[in-house]
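Take a look at the letters that make up each chain.
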Amino acid sequence: MRDAVIIGAGFSGLYALHRLRGLGMSAVVLEAGDGVGGTWYWNRYPGARCDSESYYYSYSFDEDLQQEWRWSERYPAQPEILAYLEHVADRFDLRRDIRLSTRVTSTVFDDVAWTVTTERGDELRARYLITAVGCLSSANVPDLPGLEDFGGEWYHTGRWPHEGVDFTGKRVGVIGTGSTGIQAIPVIAEQAAHVTVFQRTPNFSVPARNAPLDEEFQAWVRAQYPEIRALQRETGNGHPFHVSSRNAVDASPEQRREVYEQAWQRGGLRFRATFNDLLTSREANDTAAEFIRDKIRETVRDPEVAERLLPHDHPFAAKRPPIDTGYFETYNRDDVTLVDVRKSPIVEVTREGVRTTEDEHPVDVLVFATGFDAMTGPLLAIDVRGTDGTLAEKWRDGPRSYLGLAVAGFPNLFTITGPGSPSVLTNMPTSIEQHVDWIADCLKHLRDHGFHRVEATDQAERDWAREVREAAGRTLLPQAESSWYLGANVPGKPRVFMPYAGGLAHYARLCDDVATRGYEGFQLA
Ligand code: NA7
């Protein structure tokens with residue numbers, strides 16, 4: 001029997017395999033895709049790019065790796081991140097323990113070990129089960145009447161064909177204006193004959209200001225890596241910058257404008273770090289929101305279109321804030337139409353296009369940039385059976401876990417970046433390394449002390465659920481009622497705020513304290 005089965009070969013699974021091997025443990029990675037890379041294997045849509053900057057959206061565990069790898073742009077494009085993860089798989093000789101094209105369908109714990117069954121019917125047994133399935137990997141395709149009879153082609157951005165899609169001369173409909181739609185729409189508009197954007201919730205977006213990285217900056221990063229990595233571990237979001245200690249409500253309108261303008265010109269996710277109170281005070285948040293709305297009004301020439309693009313229903317950054325390259329400018333093109341599907345909802349997909357309550361929109365290609373069944377979706381897509389039933393039964397009213405890492409009733413299961421951990425609120429590789437390191441240390445502790453079983457207690461899980469709820473309640477995040485953080489994008493999904501909003505650095509300390517106190521909140525046997 002193996003020590004561990006790891007599900008998924010993205011950032012999490014690759015590093016988990018590497019760490020377990022380092023402990024002398026036997027592990028195998030099962031990956032549904034035909035290649036490694038996870039998110040960056042599947043998301044090949046036009047304009048796909050990371051919103052974190054390349055020099056820190058990367059592993060920190062190996063000094064030679066971070067010194068030798070060269071990123072070409074400020075924000076890495078999908079092919080470059082995929083090439084990086086393929087390089088990591090080769091460099092650390094991981095592929096011999098990775099089985100590609102192997103989708104896991106069920107896993108059962110039998111009091112000693114997990115039996116993992118794949119789609120092909122193969123069975124593997126392992127003492128520990130580690131899910132590295134990602135938070136945004138279960139595609140959410142809305143159940144639109146008539147889609148099966150659509151005469152054109154349709155694609156979800158997270159399942160993009162490897163050969164790409166040629167939009168030349170095509171009328172393209174894009175549904176969704178989250179981070180993905182905001183990245184894809186300007187790129188598709190460059191090629192297509194016409195683009196119709198179906199927008200449900202207008203979104204805030206800040207310019208990315210992507211650019212090639214020059215050698216001087218790269219040399220600086222290489223020299224600074226110890227400090228950069230240390231800073232990432234000290235901050236709430238795993239980014240190498242602190243949120244300003246200053247409150248927006250204490251600044252004058254002129255001072256605020258200057259700070260926002262500078263951040264706007266610099267571009268990127270740092271905009272939300274301009275003031276300390278942006279995510280805790282609605283009054284403060286309104287000042288940033290209004291600044292961005294003014295920018296949209298300035299950018300979009302048709303005042304009616306600009307008005308439709310203005311986000312009003314949620315605080316800035318209470319939904320995942322996109323960054324963009326020419327997004328709002330795209331609406332100045334004659335060949336781009338914006339449809340407000342809040343006002344005129346989509347009724348059906350016809351053979352020729354999309355029919356709303358007001359109009360027919362002919363399209364040849366339909367792109368679903370409609371996001372994911374986030375955080376719980378990838379786990380619940382597997383039939384996970386513990387000692388008292390299935391994970392789907394246990395999570396019927398929303399996910400419950402201890403630290404987002406373990407689930408009572410599911411011994412020897414570890415969920416990397418699971419619901420209840422900071423994960424999607426952070427720079428993912430930083431959270432992933434923190435989780436994998438913690439799990440590896442835990443496995444070592446079990447082995448060194450002759451234990452074979454670890455399980456979160458009900459009490460620890462209940463206490464953690466309260467902590468997750470309270471942490472979210474101290475912020476404006478739950479005020480974004482249409483947010484996927486709350487499960488609101490998937491019809492019928494329980495409305496529970498899923499990620500832990502207490503900050504990564506604080507969370508990591510809590511995890512370390514649990515370990516130091518002999519894995520408090522866990523039963524070891
Ligand atoms: P998101 O952020 O979930 O965005 C999906 C978009 O699709 C969003 O605008 C949704 O509107 C819209 N949507 C979803 N379902 C529908 C239906 N049925 N009709 C119309 N519009 C719909 O996913 P992304 O892929 O953009 O980003 C995911 C994460 O990847 C991102 O946050 C980064 O972390 C990277 P809504 O806002 O729900 O009204």
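Residues numbered from 1 in each chain as written. Predicted model: local features only at pLDDT ≥ 70, side-chain atom pairs only at ≥ 80, totals over all residues. Heavy atoms only, no water.

As annotated in an unreviewed UniProt entry, the protein is NAD(P)/FAD-dependent oxidoreductase from Saccharopolyspora rhizosphaerae. According to UniProt, the comment filed for the protein under the heading Sequence similarities (unreviewed entry) is "Belongs to the FAD-binding monooxygenase family." Here the protein is described in UniProt, under the heading Cofactor (unreviewed entry), as follows: "FAD". (UniProt positions renumbered as here; feature names shortened; annotations may be inferred.)

It is worth spelling out the sheet that holds strand S14 (residues 353–356) at this point. Read across the open sheet, the three strands follow the order S13-S14-S15; overall the sheet is antiparallel. In the strand order of this sheet, the two ends are held by strand S13 (346–349) and strand S15 (360–362), each with one partner. Sheet twist, expressed as the average angle between the axes of neighbouring strands with direction ignored, equals 20°. (Pairing = 2+ DSSP bridges. Helix = DSSP H or I, 4+ residues; strand = E, 2+ residues; numbered from the N terminus. Axes fitted to C-alpha atoms, helices over the stretch in contact; angles between N-to-C directions.)

As judged from the three bridges shared by S13 and S14, these two strands associate in the antiparallel manner. Bridging from a neighbouring strand, Ile346 pairs with Thr356 of S14. Here three bridges tie S14 to S15, and the two strands are oriented antiparallel to one another. Its bridge partner lying in S15, Val354 is registered against His361.

Attention shifts here to the layout of surface pockets. What the second largest pocket holds in volume is close to 670 Å³. Around the second largest pocket, the lining comprises 29 residues; the ones closest to its centre are Gly236, Asn237, Val243, Leu279 and Ala501. Split by residue class, the lining of the second largest pocket holds 16 nonpolar, eleven polar and two charged. (1 Å grid on protein atoms, 1.4 Å probe; cavity = no way out; pocket = protein on both sides within 12 Å on 5 of 7 lines; lining within 4 Å. Points joined across faces, edges and corners; volume = space filled by probe spheres on them. Nonpolar A, V, L, I, M, F, W, Y, C, P; charged D, E, K, R; others polar.)

Let us now look at the environment of Thr39. Examined against the element boundaries, Thr39 turns out to sit in helix H2 (residues 39–42). Residue classification places Thr39 among the partly exposed positions, given a relative accessible area of 35%. Residues Thr39 and Phe497, spaced 458 residues apart in sequence, show a C-alpha to C-alpha distance of 22 Å. (Buried < 20%, exposed > 50% of the residue type's maximum accessible area, 1.4 Å probe, protein only.)

What follows covers the sheet that holds strand S7 (residues 153–156). Ordered by their spatial adjacency, five strands build an open sheet running S7-S16-S8-S9-S12, and the pairing between neighbours is parallel. One side of each edge strand has no neighbouring strand; the edge strands of this open sheet are S7 and strand S12 (336–340). Between one strand axis and the next, the sheet turns by 15° as a mean value, whatever way the strands run. In the sheet, strand S9 (residues 194–199) pairs with S12 via five bridges, with the strands oriented parallel. The residue bridging Val195 from the neighbouring strand is Val336, located in S12.

A few words now on the site of the ligand. Lining the immediate surroundings of the ligand are 19 residues, of which Thr180, Arg200, Thr201, Lys319 and Arg320 lie closest. Here Thr201 contributes a side-chain N or O atom positioned 2.4 Å from an oxygen atom of the ligand. For the ligand, the accessible surface in isolation is 780 Å², of which the surrounding protein chains cover 87%. For the shell around the ligand, a count of residues per class yields six nonpolar, nine polar and four charged. (Near = heavy atom within 4 Å. Polar contact = N/O pair within 3.5 Å; in protein donor to acceptor, adjacent residues only side chain to side chain. Areas by Shrake-Rupley, 256 points an atom, 1.4 Å probe, with all protein chains shown as cover.)

For the structure on display, the rule yields 39 aromatic pairs. A centroid spacing of 5.9 Å and a plane angle of 65° characterise the contact between Tyr485 and Phe497, whose relative ring orientation is edge-to-face. One end of the pair, Tyr485, is in the loop between helix H13 (458–473) and helix H14 (504–516); the other, Phe497, is in the loop between H13 and H14, and twelve residues separate them in sequence. The pair Tyr485 / Phe497 is uniform in exposure class, with both members buried. Ring pairs connect the aromatic residues Phe11, Tyr15, Trp40, Tyr57, Tyr59, Phe61, Trp69, Trp71, Tyr84 and Phe92, which therefore count as one cluster. Taking the ring centre of Trp42 as reference, the NZ or CZ of Arg159 above it sits at 4.6 Å. (Phe/Tyr/Trp six-rings, centres within 6.5 Å; stacked < 30°, edge-to-face > 60°. Lys NZ or Arg CZ within 6 Å of the ring centre and 35° of its normal.)

With that out of the way, let us pick up the environment of Glu148. Tracing the sequence through the fold places Glu148 in the loop between strand S6 (123–131) and S7. The sequence separation of Glu148 and Glu234 amounts to 86 residues, and the corresponding C-alpha distance is 49 Å.

Moving on: H14. Helix length check: H14 (13 residues) gives 18 Å between terminal C-alpha atoms against 18 Å at 1.5 Å per residue, within 8%. Taken together, the buried positions of H14 are Leu504, Ala505, Tyr507, Ala508, Cys511 and Val514. Directly beyond the C-terminal end of H14, a positive phi value near 75° is found at Gly518. (Expected span 1.5 Å × (residues − 1).)

Glancing now at the pattern of salt bridges. All chains considered together, the criterion is met by 37 salt bridges. One salt bridge connects Glu261 with Lys295, and the closest N-O pair in it is separated by 2.8 Å. Residue Glu261 is located in helix H7 (residues 253–266), and its partner Lys295 is located in helix H8 (residues 282–299); the two are separated by 34 residues in the primary sequence. Using a relative accessible area of 26% as the deciding quantity, one classes Glu261 as partly exposed. (Salt bridge = Lys/Arg side-chain N within 4 Å of Asp/Glu carboxyl O.)

Inspection of the entire model under this criterion finds five cavities of 30 Å³ or more. For the largest cavity, the calculated volume is near 110 Å³. Surrounding the largest cavity, 13 residues form its lining, Gln66, Trp69, Trp71, Val221 and Tyr225 being those nearest its centre. Within the residue set of the lining of the largest cavity, elements represented by two or more residues are helix H3 (63–68) and helix H6 (215–234).

Right, let's get into the packing of helix H12 (residues 428–448) against H14. Contact geometry for H12 and H14: axes closest at 11 Å, N-to-C directions at 0°. The angle between H12 and H14 places the two elements in the roughly parallel class. In contact with Thr430, Ser431, Gln434, His435 and Trp438 of H12, H14 contributes Leu504, Tyr507, Ala508, Cys511, Asp512, Val514 and Ala515. Of the residues belonging to the contact of H12 with H14, the class tally is seven nonpolar, four polar and one charged. (Parallel < 35°, antiparallel > 145°, perpendicular 65-115°, else oblique. Contact = heavy atoms within 4.5 Å.)

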